[in-house]
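Residue strings, one per chain:
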Amino acid sequence: MSPNQRVLVLGSSFAGLNAALDLRRRLRDEVEVVVLDPRPRFTFIPSLVWLPFGLRRPDQVTFDLGSTYARKGVRFVNEAAAGIDLDERIVHTDGGRRFDYDRLVVATGPRLAFEKIPGLGPDDGHTQSVCNLDHAVRAGEAWQRFLADPGPVVVGTAQGGSCFGASYEFALNLQHQLARRGLADVAPVTFVTAEPFLGHFGLGGIADSESRVRRMFDRRGIEGIANAAIREVRADEMELESGRVLPFRYSMIVPPFTGVDVVRSVEGLANPMGFLPIDHRFRHPDHPEVYGAGVAVAISPPATTQVPTGVPKTGQMSETMGKTVAVNIASDLQGGRHRDLPVEKMSAVCMLDGGDDGIVFRATDVLSTRRRRRGFVTSGPHGHWVKLAFERFYLGTRRRGVTLL
Ligand SMILES: Cc1cc2nc3c(=O)[nH]c(=O)nc-3n(C[C@H](O)[C@H](O)[C@H](O)COP(=O)(O)OP(=O)(O)OC[C@H]3O[C@@H](n4cnc5c(N)ncnc54)[C@H](O)[C@@H]3O)c2cc1C
(Lines give C-alpha, C1' and ligand atoms only; values in the text may rest on other atoms or scores of the structure.)
Protein backbone atom coordinates (compact mmCIF):
# COMPACT_ATOMS: atom_id res chain seq x y z
CA MET A 1 0.00 0.00 0.00
CA SER A 2 1.46 3.37 -0.91
CA PRO A 3 1.27 6.05 1.77
CA ASN A 4 -1.53 8.57 1.41
CA GLN A 5 -0.16 11.20 3.79
CA ARG A 6 3.22 12.85 4.05
CA VAL A 7 5.20 14.54 6.81
CA LEU A 8 7.97 16.71 5.40
CA VAL A 9 10.89 17.57 7.67
CA LEU A 10 13.17 20.48 6.73
CA GLY A 11 16.61 20.07 8.24
CA SER A 12 18.30 16.96 9.57
CA SER A 13 20.37 17.85 12.58
CA PHE A 14 19.53 17.43 16.28
CA ALA A 15 15.91 18.54 15.90
CA GLY A 16 15.08 17.20 12.43
CA LEU A 17 16.87 13.85 12.70
CA ASN A 18 15.18 12.98 15.97
CA ALA A 19 11.78 14.22 14.81
CA ALA A 20 12.02 12.15 11.61
CA LEU A 21 13.17 8.94 13.31
CA ASP A 22 10.54 9.21 16.04
CA LEU A 23 7.84 10.01 13.49
CA ARG A 24 8.75 6.88 11.52
CA ARG A 25 8.51 4.77 14.67
CA ARG A 26 5.15 6.23 15.67
CA LEU A 27 3.38 6.39 12.33
CA ARG A 28 1.85 3.48 10.51
CA ASP A 29 2.64 2.83 6.86
CA GLU A 30 -0.03 5.17 5.52
CA VAL A 31 2.28 8.11 6.30
CA GLU A 32 5.50 8.81 4.42
CA VAL A 33 8.29 10.68 6.24
CA VAL A 34 10.51 12.75 3.92
CA VAL A 35 13.54 14.75 5.09
CA LEU A 36 15.25 17.53 3.13
CA ASP A 37 18.75 18.75 3.96
CA PRO A 38 21.47 20.15 1.67
CA ARG A 39 24.11 18.49 3.88
CA PRO A 40 24.54 14.77 3.12
CA ARG A 41 26.08 14.01 6.52
CA PHE A 42 25.00 14.58 10.10
CA THR A 43 27.58 16.54 12.10
CA PHE A 44 27.86 16.21 15.86
CA ILE A 45 28.35 19.96 16.27
CA PRO A 46 29.50 19.79 19.93
CA SER A 47 32.70 18.05 18.73
CA LEU A 48 33.61 20.95 16.45
CA VAL A 49 35.40 22.69 19.32
CA TRP A 50 38.06 19.96 19.04
CA LEU A 51 38.44 19.88 15.26
CA PRO A 52 40.67 22.97 14.80
CA PHE A 53 43.23 21.50 17.21
CA GLY A 54 43.49 18.23 15.29
CA LEU A 55 41.73 16.29 18.06
CA ARG A 56 39.03 15.11 15.64
CA ARG A 57 38.80 14.58 11.89
CA PRO A 58 35.57 15.39 10.04
CA ASP A 59 34.85 11.69 9.36
CA GLN A 60 35.00 10.97 13.11
CA VAL A 61 32.23 13.41 14.00
CA THR A 62 29.87 12.93 11.06
CA PHE A 63 27.85 10.11 9.50
CA ASP A 64 26.02 9.57 6.24
CA LEU A 65 22.34 10.49 6.57
CA GLY A 66 21.17 8.58 3.49
CA SER A 67 22.14 5.16 4.83
CA THR A 68 20.81 5.88 8.34
CA TYR A 69 17.44 6.92 6.97
CA ALA A 70 17.31 4.09 4.41
CA ARG A 71 17.68 1.58 7.26
CA LYS A 72 14.70 3.13 9.05
CA GLY A 73 12.35 3.64 6.08
CA VAL A 74 12.64 7.44 5.98
CA ARG A 75 13.07 9.05 2.56
CA PHE A 76 16.05 11.43 2.54
CA VAL A 77 16.42 14.05 -0.17
CA ASN A 78 19.80 15.77 -0.22
CA GLU A 79 18.44 19.15 -1.33
CA ALA A 80 17.56 22.41 0.42
CA ALA A 81 14.07 23.77 0.77
CA ALA A 82 14.08 26.84 -1.48
CA GLY A 83 10.46 27.98 -1.15
CA ILE A 84 7.45 27.24 1.04
CA ASP A 85 3.88 27.73 -0.23
CA LEU A 86 1.73 27.69 2.90
CA ASP A 87 -1.60 27.92 1.03
CA GLU A 88 -0.86 25.03 -1.33
CA ARG A 89 1.16 23.14 1.32
CA ILE A 90 4.08 22.64 -1.05
CA VAL A 91 7.83 22.97 -0.56
CA HIS A 92 10.07 23.65 -3.56
CA THR A 93 13.68 22.49 -3.43
CA ASP A 94 16.84 24.00 -4.87
CA GLY A 95 17.01 20.92 -7.09
CA GLY A 96 13.76 21.88 -8.81
CA ARG A 97 11.57 19.31 -7.06
CA ARG A 98 8.32 19.95 -5.20
CA PHE A 99 6.89 18.09 -2.24
CA ASP A 100 3.39 18.49 -0.93
CA TYR A 101 2.82 17.80 2.73
CA ASP A 102 0.15 17.12 5.31
CA ARG A 103 2.41 18.23 8.13
CA LEU A 104 5.60 20.30 7.84
CA VAL A 105 8.40 20.33 10.42
CA VAL A 106 10.74 23.33 10.27
CA ALA A 107 14.07 22.29 11.83
CA THR A 108 16.42 24.39 9.74
CA GLY A 109 18.56 25.74 12.60
CA PRO A 110 20.19 29.17 12.50
CA ARG A 111 21.60 31.47 9.89
CA LEU A 112 24.91 32.86 11.13
CA ALA A 113 24.43 36.63 11.08
CA PHE A 114 28.07 37.75 10.79
CA GLU A 115 27.00 40.84 8.85
CA LYS A 116 25.61 42.41 12.04
CA ILE A 117 29.13 43.33 13.19
CA PRO A 118 31.67 44.85 10.76
CA GLY A 119 34.64 42.56 10.27
CA LEU A 120 33.08 39.50 11.91
CA GLY A 121 33.29 36.02 10.44
CA PRO A 122 35.55 33.86 8.29
CA ASP A 123 34.18 34.91 4.88
CA ASP A 124 34.19 38.72 4.83
CA GLY A 125 35.85 39.32 8.18
CA HIS A 126 38.74 38.41 10.43
CA THR A 127 37.34 36.00 13.03
CA GLN A 128 36.95 32.23 12.92
CA SER A 129 33.83 30.21 13.68
CA VAL A 130 33.14 26.63 14.77
CA CYS A 131 29.39 26.77 14.16
CA ASN A 132 29.51 24.32 11.26
CA LEU A 133 31.93 21.76 9.86
CA ASP A 134 33.25 23.91 7.04
CA HIS A 135 33.98 26.77 9.45
CA ALA A 136 35.68 24.44 11.95
CA VAL A 137 37.97 23.08 9.21
CA ARG A 138 38.94 26.62 8.25
CA ALA A 139 39.43 27.53 11.93
CA GLY A 140 41.92 24.62 12.03
CA GLU A 141 43.85 25.96 9.01
CA ALA A 142 44.01 29.37 10.68
CA TRP A 143 45.20 27.69 13.90
CA GLN A 144 48.14 26.12 12.04
CA ARG A 145 49.11 29.53 10.66
CA PHE A 146 48.76 31.01 14.16
CA LEU A 147 51.08 28.39 15.68
CA ALA A 148 53.82 29.52 13.31
CA ASP A 149 53.49 33.08 14.61
CA PRO A 150 51.56 33.10 17.91
CA GLY A 151 50.24 36.12 19.78
CA PRO A 152 47.15 37.32 21.68
CA VAL A 153 43.86 35.46 21.26
CA VAL A 154 40.26 36.70 21.60
CA VAL A 155 37.37 34.24 21.93
CA GLY A 156 33.73 34.87 22.75
CA THR A 157 30.10 35.33 21.81
CA ALA A 158 28.88 38.51 20.12
CA GLN A 159 25.98 40.67 21.27
CA GLY A 160 22.63 39.16 20.36
CA GLY A 161 24.20 35.71 20.53
CA SER A 162 22.69 32.79 22.38
CA CYS A 163 25.13 29.89 21.93
CA PHE A 164 27.41 30.77 24.85
CA GLY A 165 28.61 27.29 25.78
CA ALA A 166 30.47 26.89 22.49
CA SER A 167 32.70 29.90 23.09
CA TYR A 168 33.52 28.82 26.67
CA GLU A 169 34.51 25.39 25.42
CA PHE A 170 36.60 26.81 22.63
CA ALA A 171 38.42 29.28 24.91
CA LEU A 172 39.23 26.59 27.47
CA ASN A 173 40.33 24.05 24.85
CA LEU A 174 42.44 26.63 23.05
CA GLN A 175 44.16 27.71 26.25
CA HIS A 176 44.77 24.05 27.12
CA GLN A 177 46.48 23.60 23.73
CA LEU A 178 48.60 26.71 24.26
CA ALA A 179 49.70 25.54 27.71
CA ARG A 180 50.65 22.09 26.33
CA ARG A 181 52.88 23.78 23.76
CA GLY A 182 54.44 26.20 26.25
CA LEU A 183 52.82 29.15 24.46
CA ALA A 184 50.58 30.43 27.27
CA ASP A 185 52.81 33.44 27.97
CA VAL A 186 53.14 34.63 24.38
CA ALA A 187 49.48 34.05 23.59
CA PRO A 188 47.26 35.47 26.38
CA VAL A 189 43.56 34.60 25.93
CA THR A 190 40.80 37.18 26.41
CA PHE A 191 37.17 36.07 26.56
CA VAL A 192 34.49 38.56 25.51
CA THR A 193 30.82 37.87 26.04
CA ALA A 194 27.50 39.67 25.89
CA GLU A 195 26.41 37.84 29.05
CA PRO A 196 25.88 40.08 32.11
CA PHE A 197 28.31 37.90 34.06
CA LEU A 198 30.54 34.91 33.35
CA GLY A 199 28.69 31.63 33.69
CA HIS A 200 25.33 33.25 32.91
CA PHE A 201 24.99 31.08 29.75
CA GLY A 202 21.90 33.03 28.61
CA LEU A 203 20.05 31.34 31.46
CA GLY A 204 20.74 33.72 34.34
CA GLY A 205 23.42 31.41 35.71
CA ILE A 206 22.92 28.04 37.36
CA ALA A 207 23.65 27.65 41.07
CA ASP A 208 27.31 28.73 41.50
CA SER A 209 28.19 28.60 37.79
CA GLU A 210 29.68 32.11 37.88
CA SER A 211 32.29 31.32 40.52
CA ARG A 212 33.11 27.97 38.90
CA VAL A 213 33.79 29.63 35.56
CA ARG A 214 35.81 32.38 37.24
CA ARG A 215 37.97 29.82 39.01
CA MET A 216 38.60 27.96 35.75
CA PHE A 217 39.52 31.19 33.98
CA ASP A 218 41.76 32.36 36.85
CA ARG A 219 43.60 29.05 36.95
CA ARG A 220 44.33 29.33 33.24
CA GLY A 221 45.01 33.05 33.16
CA ILE A 222 42.07 33.85 30.87
CA GLU A 223 40.70 37.37 31.22
CA GLY A 224 36.89 37.39 31.02
CA ILE A 225 35.01 40.52 29.91
CA ALA A 226 31.24 40.35 30.47
CA ASN A 227 28.70 42.86 29.12
CA ALA A 228 30.93 43.20 26.05
CA ALA A 229 29.56 44.45 22.75
CA ILE A 230 31.83 44.32 19.71
CA ARG A 231 31.89 47.52 17.66
CA GLU A 232 34.19 46.40 14.88
CA VAL A 233 36.77 43.78 14.04
CA ARG A 234 39.81 44.77 12.04
CA ALA A 235 42.57 42.57 10.61
CA ASP A 236 44.47 42.27 13.88
CA GLU A 237 42.34 43.94 16.54
CA MET A 238 38.83 44.03 17.95
CA GLU A 239 37.21 47.21 19.20
CA LEU A 240 34.55 46.95 21.87
CA GLU A 241 31.71 49.46 22.37
CA SER A 242 33.45 50.43 25.64
CA GLY A 243 36.31 51.76 23.50
CA ARG A 244 38.74 49.07 24.59
CA VAL A 245 40.80 47.65 21.74
CA LEU A 246 41.93 44.03 21.93
CA PRO A 247 44.79 43.07 19.61
CA PHE A 248 44.74 39.47 18.36
CA ARG A 249 46.51 37.01 16.13
CA TYR A 250 43.67 34.47 16.39
CA SER A 251 40.00 35.01 17.19
CA MET A 252 36.89 32.83 17.29
CA ILE A 253 33.62 34.61 17.91
CA VAL A 254 30.19 32.94 17.89
CA PRO A 255 27.91 35.30 15.94
CA PRO A 256 24.30 36.25 16.56
CA PHE A 257 21.76 33.94 14.91
CA THR A 258 18.69 34.62 12.79
CA GLY A 259 16.35 32.17 11.10
CA VAL A 260 17.33 30.84 7.64
CA ASP A 261 16.27 32.75 4.52
CA VAL A 262 13.72 30.23 3.25
CA VAL A 263 11.77 30.60 6.51
CA ARG A 264 12.36 34.33 6.93
CA SER A 265 11.09 35.11 3.45
CA VAL A 266 7.64 33.47 3.79
CA GLU A 267 5.07 36.02 4.85
CA GLY A 268 3.32 35.09 8.06
CA LEU A 269 5.62 32.18 8.87
CA ALA A 270 8.37 33.72 11.00
CA ASN A 271 8.98 36.64 13.35
CA PRO A 272 11.19 39.54 12.14
CA MET A 273 14.30 37.62 13.21
CA GLY A 274 13.26 34.69 11.03
CA PHE A 275 12.36 32.35 13.89
CA LEU A 276 9.15 30.35 13.93
CA PRO A 277 6.56 31.23 16.58
CA ILE A 278 5.23 28.13 18.31
CA ASP A 279 2.59 27.16 20.87
CA HIS A 280 2.87 24.60 23.67
CA ARG A 281 2.77 21.78 21.13
CA PHE A 282 5.55 23.34 19.01
CA ARG A 283 2.92 24.11 16.38
CA HIS A 284 2.64 27.40 14.49
CA PRO A 285 -0.21 29.43 16.04
CA ASP A 286 -1.63 30.46 12.64
CA HIS A 287 -0.72 27.40 10.58
CA PRO A 288 -1.58 24.29 12.64
CA GLU A 289 -0.13 21.98 9.98
CA VAL A 290 3.34 23.56 10.51
CA TYR A 291 5.52 22.58 13.46
CA GLY A 292 8.95 23.82 14.49
CA ALA A 293 11.84 22.43 16.53
CA GLY A 294 15.36 23.39 17.53
CA VAL A 295 17.16 26.64 16.91
CA ALA A 296 14.62 27.48 14.17
CA VAL A 297 11.90 28.33 16.73
CA ALA A 298 11.37 31.66 18.48
CA ILE A 299 12.10 31.81 22.19
CA SER A 300 12.06 35.32 23.60
CA PRO A 301 14.48 36.13 26.41
CA PRO A 302 12.48 36.52 29.64
CA ALA A 303 14.43 39.62 30.71
CA THR A 304 16.52 42.26 29.01
CA THR A 305 20.23 42.37 29.65
CA GLN A 306 22.55 45.38 29.39
CA VAL A 307 23.98 43.94 26.18
CA PRO A 308 21.39 41.91 24.20
CA THR A 309 21.57 38.15 24.74
CA GLY A 310 19.39 35.29 23.51
CA VAL A 311 18.18 32.13 25.20
CA PRO A 312 20.30 29.13 24.20
CA LYS A 313 18.56 26.32 22.32
CA THR A 314 20.92 23.48 23.06
CA GLY A 315 21.21 20.20 21.18
CA GLN A 316 19.39 18.40 23.96
CA MET A 317 16.57 21.00 23.94
CA SER A 318 16.39 20.70 20.14
CA GLU A 319 15.98 16.94 20.42
CA THR A 320 13.28 17.28 23.05
CA MET A 321 11.42 19.67 20.76
CA GLY A 322 11.81 17.27 17.82
CA LYS A 323 10.43 14.38 19.85
CA THR A 324 7.49 16.48 21.11
CA VAL A 325 6.71 17.43 17.52
CA ALA A 326 6.73 13.74 16.55
CA VAL A 327 4.23 12.85 19.30
CA ASN A 328 1.90 15.66 18.30
CA ILE A 329 2.01 15.02 14.56
CA ALA A 330 1.38 11.31 15.14
CA SER A 331 -1.63 12.28 17.28
CA ASP A 332 -2.89 14.71 14.62
CA LEU A 333 -2.73 12.11 11.86
CA GLN A 334 -3.55 8.87 13.62
CA GLY A 335 -5.19 9.78 16.92
CA GLY A 336 -3.85 9.62 20.45
CA ARG A 337 -2.90 12.11 23.10
CA HIS A 338 -1.06 15.29 22.29
CA ARG A 339 1.88 16.44 24.40
CA ASP A 340 2.05 19.97 25.76
CA LEU A 341 5.52 21.24 26.62
CA PRO A 342 5.60 24.96 27.43
CA VAL A 343 9.05 26.32 26.61
CA GLU A 344 9.33 27.81 30.10
CA LYS A 345 9.09 24.32 31.55
CA MET A 346 11.97 22.97 29.49
CA SER A 347 15.31 22.06 31.02
CA ALA A 348 18.71 22.64 29.44
CA VAL A 349 21.49 20.11 29.90
CA CYS A 350 24.95 21.13 28.79
CA MET A 351 28.40 19.56 28.89
CA LEU A 352 31.24 22.01 28.42
CA ASP A 353 34.65 20.53 27.79
CA GLY A 354 37.75 22.40 28.89
CA GLY A 355 40.45 20.17 27.39
CA ASP A 356 41.30 18.28 30.57
CA ASP A 357 38.33 19.27 32.72
CA GLY A 358 34.86 20.60 32.13
CA ILE A 359 31.51 21.82 33.45
CA VAL A 360 28.26 19.88 33.30
CA PHE A 361 24.99 21.55 34.20
CA ARG A 362 21.27 21.07 34.08
CA ALA A 363 19.11 24.18 34.33
CA THR A 364 15.40 23.81 35.02
CA ASP A 365 12.67 26.18 33.79
CA VAL A 366 14.82 27.84 31.14
CA LEU A 367 12.80 31.06 31.02
CA SER A 368 12.85 31.73 34.75
CA THR A 369 14.15 35.20 35.56
CA ARG A 370 15.55 34.18 38.92
CA ARG A 371 19.26 35.01 39.08
CA ARG A 372 21.23 31.82 39.56
CA ARG A 373 18.27 29.50 39.19
CA ARG A 374 18.13 26.16 40.89
CA GLY A 375 19.75 23.42 38.96
CA PHE A 376 22.68 21.14 38.98
CA VAL A 377 26.24 22.14 38.14
CA THR A 378 29.46 20.23 38.56
CA SER A 379 32.97 20.84 37.28
CA GLY A 380 36.33 19.09 37.25
CA PRO A 381 38.18 16.44 35.23
CA HIS A 382 35.04 14.27 35.11
CA GLY A 383 33.40 17.02 33.01
CA HIS A 384 35.88 16.22 30.22
CA TRP A 385 35.25 12.46 30.38
CA VAL A 386 31.47 12.86 30.49
CA LYS A 387 31.55 14.79 27.24
CA LEU A 388 33.85 12.25 25.53
CA ALA A 389 31.56 9.40 26.60
CA PHE A 390 28.48 11.24 25.45
CA GLU A 391 29.99 11.96 22.03
CA ARG A 392 30.66 8.27 21.52
CA PHE A 393 27.20 7.26 22.75
CA TYR A 394 25.42 9.87 20.64
CA LEU A 395 27.18 9.19 17.35
CA GLY A 396 26.93 5.42 17.85
CA THR A 397 23.20 5.43 18.46
CA ARG A 398 22.09 8.07 15.98
CA ARG A 399 24.24 6.59 13.20
CA ARG A 400 22.18 3.40 13.58
CA GLY A 401 18.98 5.44 13.67
CA VAL A 402 18.37 4.70 17.35
CA THR A 403 16.71 7.34 19.52
CA LEU A 404 15.19 7.05 22.96
CA LEU A 405 11.47 7.72 22.82
C1 LIG B 1 30.61 24.71 18.64
C2 LIG B 1 29.29 24.33 19.23
C3 LIG B 1 29.27 23.48 20.33
C4 LIG B 1 28.04 23.11 20.88
N5 LIG B 1 28.04 22.26 21.95
C6 LIG B 1 26.86 21.85 22.45
C7 LIG B 1 26.84 20.94 23.54
O8 LIG B 1 27.88 20.53 24.08
N9 LIG B 1 25.63 20.53 24.00
C10 LIG B 1 24.46 20.95 23.44
O11 LIG B 1 23.38 20.54 23.88
N12 LIG B 1 24.45 21.83 22.40
C13 LIG B 1 25.61 22.28 21.91
N14 LIG B 1 25.63 23.16 20.87
C15 LIG B 1 24.35 23.61 20.33
C16 LIG B 1 23.81 22.60 19.32
O17 LIG B 1 24.77 22.36 18.32
C18 LIG B 1 22.53 23.12 18.71
O19 LIG B 1 21.59 23.28 19.74
C20 LIG B 1 21.97 22.18 17.68
O21 LIG B 1 22.85 22.00 16.60
C22 LIG B 1 20.64 22.69 17.15
O23 LIG B 1 20.09 21.72 16.33
P24 LIG B 1 19.07 22.09 15.18
O25 LIG B 1 18.64 20.80 14.57
O26 LIG B 1 18.01 22.98 15.68
O27 LIG B 1 19.88 22.99 14.13
P28 LIG B 1 21.26 22.74 13.38
O29 LIG B 1 22.12 21.78 14.11
O30 LIG B 1 21.81 24.08 13.09
O31 LIG B 1 20.82 22.06 12.02
C32 LIG B 1 20.00 22.68 11.08
C33 LIG B 1 19.95 21.77 9.86
O34 LIG B 1 19.05 22.36 8.91
C35 LIG B 1 19.64 22.27 7.63
N36 LIG B 1 19.07 23.32 6.78
C37 LIG B 1 19.36 24.64 6.79
N38 LIG B 1 18.66 25.27 5.83
C39 LIG B 1 17.90 24.33 5.20
C40 LIG B 1 16.97 24.35 4.12
N41 LIG B 1 16.68 25.49 3.47
N42 LIG B 1 16.39 23.20 3.74
C43 LIG B 1 16.67 22.02 4.39
N44 LIG B 1 17.54 21.95 5.41
C45 LIG B 1 18.15 23.09 5.82
C46 LIG B 1 21.12 22.43 7.87
O47 LIG B 1 21.88 21.91 6.78
C48 LIG B 1 21.31 21.63 9.18
O49 LIG B 1 21.59 20.27 8.92
C50 LIG B 1 26.83 23.60 20.33
C51 LIG B 1 26.87 24.46 19.24
C52 LIG B 1 28.08 24.86 18.71
C53 LIG B 1 28.09 25.79 17.53
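Criteria and cut-off values
- Residues numbered from 1 in each chain as written.
- Predicted model: local features only at pLDDT ≥ 70, side-chain atom pairs only at ≥ 80, totals over all residues.
- Heavy atoms only, no water.
- Core = buried A, V, L, I, M, F, W, Y, C linked by side-chain atoms within 4.5 Å.
- Buried < 20%, exposed > 50% of the residue type's maximum accessible area, 1.4 Å probe, protein only.
- Helix = DSSP H or I, 4+ residues; strand = E, 2+ residues; numbered from the N terminus.
- Domains from an automatic or database assignment.
- Contact = heavy atoms within 4.5 Å.
- Pairing = 2+ DSSP bridges.
- Axes fitted to C-alpha atoms, helices over the stretch in contact; angles between N-to-C directions.
- Phe/Tyr/Trp six-rings, centres within 6.5 Å; stacked < 30°, edge-to-face > 60°.
- Lys NZ or Arg CZ within 6 Å of the ring centre and 35° of its normal.
- Near = heavy atom within 4 Å.
- Polar contact = N/O pair within 3.5 Å; in protein donor to acceptor, adjacent residues only side chain to side chain.
- Areas by Shrake-Rupley, 256 points an atom, 1.4 Å probe, with all protein chains shown as cover.
- Nonpolar A, V, L, I, M, F, W, Y, C, P; charged D, E, K, R; others polar.
- Expected span 1.5 Å × (residues − 1).
- Parallel < 35°, antiparallel > 145°, perpendicular 65-115°, else oblique.
- Left-handed = near helix turned anticlockwise from the far one by under 90°.
- Buried area = accessible area lost by both parts, 1.4 Å probe.
- Salt bridge = Lys/Arg side-chain N within 4 Å of Asp/Glu carboxyl O.

A. Up close: the nonpolar core. Core analysis: the biggest nonpolar cluster contains 127 residues, and Ile84, Met238 and Phe361 have the highest contact counts within it. Counting residues per element, this core draws most heavily on helix α4 (residues 164-180), at eight residues. The residue makeup of this core includes at least three contributed by each of domain 1 (5-38 + 79-112 + 258-341) and domain 2 (114-255). In this structure Ile84 touches Leu10, Ile90, Val91, Tyr101, Leu104, Val262, Val266 and Leu269, once residues within four positions along its chain are discounted.

B. Spatial organisation of the sheet that holds strand β8 (residues 98-100). Pairing within the open sheet is antiparallel, and its three strands lie in the order β6-β7-β8. Looking at strand neighbours, the two that pair on one side only are β6 (81-85) and β8, the edges of this open sheet. Within this sheet the neighbouring strands show an average axis-to-axis angle of 20°, counted without direction. Relative to strand β7 (residues 90-93), β6 runs antiparallel, the two sharing four bridges. Residue pairing across strands places Asp85 opposite Ile90, the latter belonging to β7.

C. Structural view of the sheet that holds strand β14 (residues 230-234). Strand order in the open sheet formed by three strands is β14-β15-β16, and the pairing between neighbours is antiparallel. One side of each edge strand has no neighbouring strand; the edge strands of this open sheet are β14 and β16 (245-247). Adjacent strand axes in the sheet meet at a mean angle of 15° when their direction is disregarded. Both β14 and strand β15 (residues 237-240) contribute to a ladder of four bridges, which runs antiparallel. Bridge pairing in β15 places Val233 opposite Met238.

D. Structural detail: the environment of Gly54. Its place among the elements puts Gly54 in the loop between β3 (41-43) and β4 (62-64). Residues Gly54 and Trp143, 89 residues apart in the sequence, show an inter-C-alpha distance of 9.7 Å.

E. Here's a closer look at the packing of aromatic side chains. Counted according to the given criterion, the structure contains 21 aromatic pairs. Each member of the aromatic cluster is reached from another via a ring pair, and the members are Phe14, Phe42, Phe44, Phe63, Phe390, Phe393 and Tyr394. The ring of Phe275 is capped by Lys313, whose NZ or CZ atom sits 3.9 Å from the centre of that ring. Above the plane of the ring of Tyr394 lies Arg398, whose end atom (NZ or CZ) is 4.3 Å from the centre.

F. Expanded view of the site of the ligand. Surrounding the ligand, one finds 32 residues, the nearest of these being Ser13, Asp37, Val295, Lys313 and Gly315. Interatomic distance of 3.2 Å between a backbone N/O atom of Phe14 and an oxygen atom of the ligand. In the environment of the ligand, an oxygen atom lies 2.6 Å from a nitrogen or oxygen atom belonging to the backbone of Lys313. Taken by itself the ligand offers 1000 Å² of open surface, and the protein chains cover 89% of this. For the shell around the ligand, the elements supplying multiple residues, two or more each, are α1 (14-26), α4 and α7 (315-334). When the residues that make up the shell around the ligand are grouped by side-chain class, the tally is 18 nonpolar, nine polar and five charged. When residues of the shell around the ligand are assigned to domains, at least three map to each of domain 1 (5-38 + 79-112 + 258-341) and domain 2 (114-255).

G. Seen up close, helix α8 (residues 381-399). For α8, with 19 residues, the first-to-last C-alpha span of 28 Å sits near the 27 Å given by 1.5 Å per residue. Those residues of α8 not exposed but buried are Gly383, His384, Lys387, Glu391, Tyr394, Leu395, Thr397 and Arg398. Once α8 ends, the next one or two residues include Gly401, with phi positive near 80°.

H. Summary view of the packing of α1 against helix α2 (residues 65-72). In contact at an axis separation of 10 Å, α1 and α2 are set at 20° when each is read in the N-to-C sense. Judged by the inter-axis angle, α1 sits roughly parallel to α2. Note that α1 runs across α2; the crossing there is right-handed. Note on element contacts: α2 touches α1 through Leu65, Tyr69 and Lys72, opposite Gly16, Leu17, Ala20, Leu21 and Arg24. Looking at the contact of α1 with α2 residue by residue, the classes come out as five nonpolar, one polar and two charged.

I. Spatial organisation of the side chain of Thr62. Counting through the fold element by element, Thr62 comes out in strand β4. A polar side-chain atom of Thr62 sits 3.0 Å from a polar atom in the side chain of Arg41. Of the polar contacts made by the side chain of Thr62, one reaches the backbone oxygen of Pro58; its length is 2.9 Å. Not counting residues up to four positions away in its chain, the partners in contact with Thr62 are Arg41, Phe42, Thr43, Leu133 and Arg399.

J. Structural view of the domain arrangement of the chain. With domains assigned, the chain is organised as domain 1 (5-38 + 79-112 + 258-341) and domain 2 (114-255). Listed as interface residues are 12 residues of domain 1 and, on the opposing side, 23 residues of domain 2. A combined buried area of about 1200 Å² lies between domain 1 and domain 2, and 63% of that area is made up of carbon and sulfur atoms. By the criterion of area lost to domain 2, the three top residues of domain 1 are Leu112, Val307 and Pro312, representing 48% of everything that side buries. Seen at the junction of domain 1 and domain 2, the total is one salt bridge. Across the pair Arg111 and Glu115 runs a salt bridge whose closest N-O atoms are separated by 3.1 Å.

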